[in-house]
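Now for the letters of each chain:
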Amino acid sequence: MSLIQVSRGTRDLLPEEIQYWQQIEAIAREVFSRATYQEIRTPIFEQTDLFERGMGEATDVVSKEMYTFQDRGDRSLTLRPEGTAGLVRSYVQHNLYAQGEIQRLWYVGPMFRYERPQAGRQRQFHQVGIEALGSADPRADAEVIAIAKDLLNAIGLENLRLEFNSIGDRQDRLQYREALVAFLTPYQNDLDPDSQERLTRNPLRILDTKDEKTQDILQNVPSIHDHLSPSSQKRFEQVQQLLTDLGIDYNINAKLVRGLDYYTHTVFEIQSDDLGAQATVCAGGRYDGLVKELGGPETPAVGWASGLERLVILMQQLQPPTAPTLDFYVVSRGDRAEAQALKVAQTLRQLRFSAELDLSGSAFGKQFKRADRKGAAACLVLGDAEAENLTVQLKWLASGEQRAIGQSELPSLADEIRQQIEASRALPRVD
RNA sequence: GCGAGCGUAGCCAAGUGGUUAAGGCAGAGGUUUGUGGUACCUCCAUCCCGCGGGUUCGAUCCCCGUCGUUCGCCCCA
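Residues numbered from 1 in each chain as written. Chains lettered and ligands numbered in written order. Predicted model: local features only at pLDDT ≥ 70, side-chain atom pairs only at ≥ 80, totals over all residues. Heavy atoms only, no water.

Another point: the overall build of chain A. Regarding its fold elements, chain A presents 15 helices and 16 strands. Here chain A has a C-alpha radius of gyration of 29 Å; the compact-globule value for 431 residues is 22 Å, and the former is much larger. For chain A, the proportion of contacts with a sequence separation of at least 24, taken over those separated by at least 6, is 68%. Counting every atom, chain A has about 22200 Å² of accessible surface; 48% of that belongs to carbon and sulfur. In chain A, 49 side chains carry a positive charge and 62 a negative one; their mean positions are 4 Å apart. (Helix = DSSP H or I, 4+ residues; strand = E, 2+ residues; numbered from the N terminus. Rg over C-alpha atoms; globule rule 2.2 N^0.38 Å. Contact = heavy atoms within 4.5 Å. Areas by Shrake-Rupley, 256 points an atom, 1.4 Å probe, with all protein chains shown as cover. Lys, Arg positive; Asp, Glu negative; His and termini not counted. Charge placed at Lys NZ, Arg CZ, Asp CG, Glu CD.)

Have a look at this one:
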């Protein structure tokens, strides 16, 4: 037997887990809309060029992690590895910049990277993110960070660290890059192999290596902060002040750089200790050059993305899954009764009760056993006698009390029954 | 792409180079053919221990490969 299973690095979200996803999505919607961010949905695949230009061809994501394919028209398409590039493409394509000085947008959806799966990392994974396009105001930086924190707190996560840094503008970074290479070149042969490779390709990335020997060498490395222009330095300080004013704790991390080329000035990560090796639950920063790079007008922007799988892992550590509540379990036996039971179940649902219909046709005893296991508040019972006179037995499972009511009485009794359901949930069961 | 561990029923899980591969949960049926939660009984891997190949008289157990998975590296959310 060769059963077809999910592809490597993808997985099914089964009902037991999905409640966490729905909870996060609901909270995100609420938090974002309160901050006047609007949802945007863009395609899951885009032209490959978009990501190459947007994220930088030398980045790992672009150079080795993209799901790229030719379609039947021989176009090179790529499953989006992140959300920002597509969102900015849409912003430019639809001239959203013409509609106002700032666009606040959010998105959620699947992203794809060809990587080796491990804890908190899938090939198809999901991100939720926000972007504020059109403002260079440091308050925009602080706002998006504050919203990230609001979201994570609303989900119930604590013990998170905000790592914060400025990597300046292009000029600052070019200068710093030279200084960095000048500093590291004498140690070239002592660096770990990856870092040696990066020395020519992307020296800033050496800073956040986990290799201990390389980190030792980096003890006295020149700081990016000494290479920020006065205006970059000022921005950096302003954002810090705003965060402090908001009561948001942060840790300035001069070695925090990010993997994508488009970042400028503010970069940050929010990390958790409870995730194994993949500590980052939310990351982002400012990207003042990206809109122009993708053919739009010079437009400053700032945003972040958060990995839903990682948020779900943390949530599952905090709250046990909750079973859905059930108002009614509809029990029936006999041809006429069974037919009426379906109608009764539909009536209950139209009256906005939850109701499960037992379809087994097994003995009443079995059906009650199931009702009990499902945690129903009450049963409606139909047998031959009830079918005959169009009644139904209403039985409360906690107390065992039972009375006959007419099937047509259900609508007029709905409010009373609803109150009793509330009450019965609060009561311990009677033996 | 690299390294290490793991792969026995729907789930958890014991086990052995050789007759019927423990146990638990879940599930089905029954004791209780119109009334539930406990208890008890029965059933639930008999081309079979991920798949393919090898060693062996004989492999679920040893070896190789492969796929999957877990954790880590790289990188990232």
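Okay, back to it.
Now for the layout of surface pockets. Empty space within the second largest pocket amounts to approximately 400 Å³. Lining the second largest pocket are 17 residues, and of these Arg173, Arg177, Asn202, Leu204 and Asp261 sit closest to its centre. At four residues, the largest contribution of residues to the lining of the second largest pocket is made by helix H6 (residues 170-184). A class-by-class count of the residues in the lining of the second largest pocket yields eight nonpolar, two polar and seven charged. (1 Å grid on protein atoms, 1.4 Å probe; cavity = no way out; pocket = protein on both sides within 12 Å on 5 of 7 lines; lining within 4 Å. Points joined across faces, edges and corners; volume = space filled by probe spheres on them. Nonpolar A, V, L, I, M, F, W, Y, C, P; charged D, E, K, R; others polar.)

It is worth spelling out the sheet that holds strand E15 (residues 391-396) at this point. An order of E13-E12-E14-E15-E16 is seen for the five strands of this open sheet, with the pairing classed as mixed. Each edge of the open sheet carries a strand with a single partner, namely strand E13 (355-357) and strand E16 (402-406). Strand-to-strand, the axes of this sheet are offset by a mean angle of 25 degrees, without reference to chain direction. Bridge count for strand E14 (residues 376-382) against E15 is four bridges, and the pairing is antiparallel. Paired with Leu380 across the strands is Leu394, a residue of E15. (Pairing = 2+ DSSP bridges. Axes fitted to C-alpha atoms, helices over the stretch in contact; angles between N-to-C directions.)

The phi angle at Asn95 is positive, at roughly 50 degrees, despite the residue not being glycine. Looking at the secondary structure, you find Asn95 in the loop between helix H4 (84-93) and strand E5 (103-112). Positive phi is not limited to glycine here, since Asn159 has a value of about 55 degrees. Summarising the element assignment, Asn159 is placed in the loop between helix H5 (138-155) and strand E7 (160-166).

The next point concerns the domain arrangement of chain A. Here the domain parsing of chain A yields domain 1 (15-169 + 229-318) and domain 2 (326-425). The distance between the C-alpha centroids of domain 1 and domain 2 comes to 49 Å. (Domains from an automatic or database assignment.)

Each packed pair of helices is defined by two parameters, the angle between the axes and the distance between the axes. Two numbers describe how helix H1 (residues 15-34) lies on H5: the axes approach to 10 Å, and their chain directions differ by 140 degrees. Note on packing geometry: the crossing formed by H1 with H5 is right-handed. Facing Ile24, Ile27, Ala28, Val31 and Phe32 of H1, the residues of H5 in contact are Ile147, Asp150, Leu151, Ala154 and Ile155. Its residues assigned to classes, the contact of H1 with H5 shows nine nonpolar, no polar and one charged. (Left-handed = near helix turned anticlockwise from the far one by under 90°.)

Before going further, it helps to examine the environment of Asp274. Relative to the elements of secondary structure, Asp274 occurs in the loop between strand E9 (264-272) and strand E10 (280-286). Separated by 257 residues in sequence, Asp274 and Glu17 have C-alpha atoms that sit 19 Å apart. Not counting the four nearest positions on each side in its chain, Asp274 is found in contact with Leu314 and Gln317.

Glancing now at the pattern of salt bridges. Tallying each qualifying case throughout the model produces 22 salt bridges. Between Glu39 and Arg29 there is a salt bridge, with its nearest N and O atoms 3.8 Å apart. Here the residue Glu39 occupies a position in strand E1 (residues 38-39), and Arg29 occupies one in helix H1, the gap between them amounting to 10 residues. For Arg29, a relative accessible area of 36% puts it in the partly exposed group. In this structure, Arg235 engages Asp141 in a salt bridge whose closest nitrogen and oxygen atoms are separated by 3.0 Å. Placement of the pair is Arg235 in helix H9 (residues 230-245) and Asp141 in helix H5, with a sequence separation of 94 residues. On the accessibility criterion, Asp141 (0% relative accessible area) is buried. Several salt bridges share partner residues, and in doing so they unite Asp141, Arg235, Arg286 and Asp288 into one network. (Salt bridge = Lys/Arg side-chain N within 4 Å of Asp/Glu carboxyl O. Buried < 20%, exposed > 50% of the residue type's maximum accessible area, 1.4 Å probe, protein only.)

Before going further, it helps to spend a moment on the packing of H1 against helix H11 (residues 308-318). It is at 10 Å that the axes of H1 and H11 come closest, and there the two elements cross at 110 degrees. Classified by the angle between their axes, H1 and H11 sit roughly perpendicular to one another. Viewed along their axes, H1 and H11 form a crossing whose handedness is right-handed. Contacts from Glu17, Tyr20, Trp21, Gln23, Ile24 and Glu25 of H1 reach H11 at Leu308, Glu309, Leu311, Val312, Met315 and Gln316. For the contact of H1 with H11, the residue count by class is seven nonpolar, two polar and three charged. (Parallel < 35°, antiparallel > 145°, perpendicular 65-115°, else oblique.)

Burial of H4 is extensive: nine of the 10 residues sit out of reach of the surface. Backbone geometry just downstream of H4 places Asn95 in the positive-phi region, at approximately 50 degrees.

Two faces belong to every sheet, and in a regular strand the side chains alternate between them. Among the 10 residues in strand E6 (residues 124-133), nine count as buried, and that is most of the element. Bridge analysis of E5 against E6 gives 10 bridges, and the strand direction is antiparallel. Directly across from Pro110, in E6, lies its bridge partner His126.

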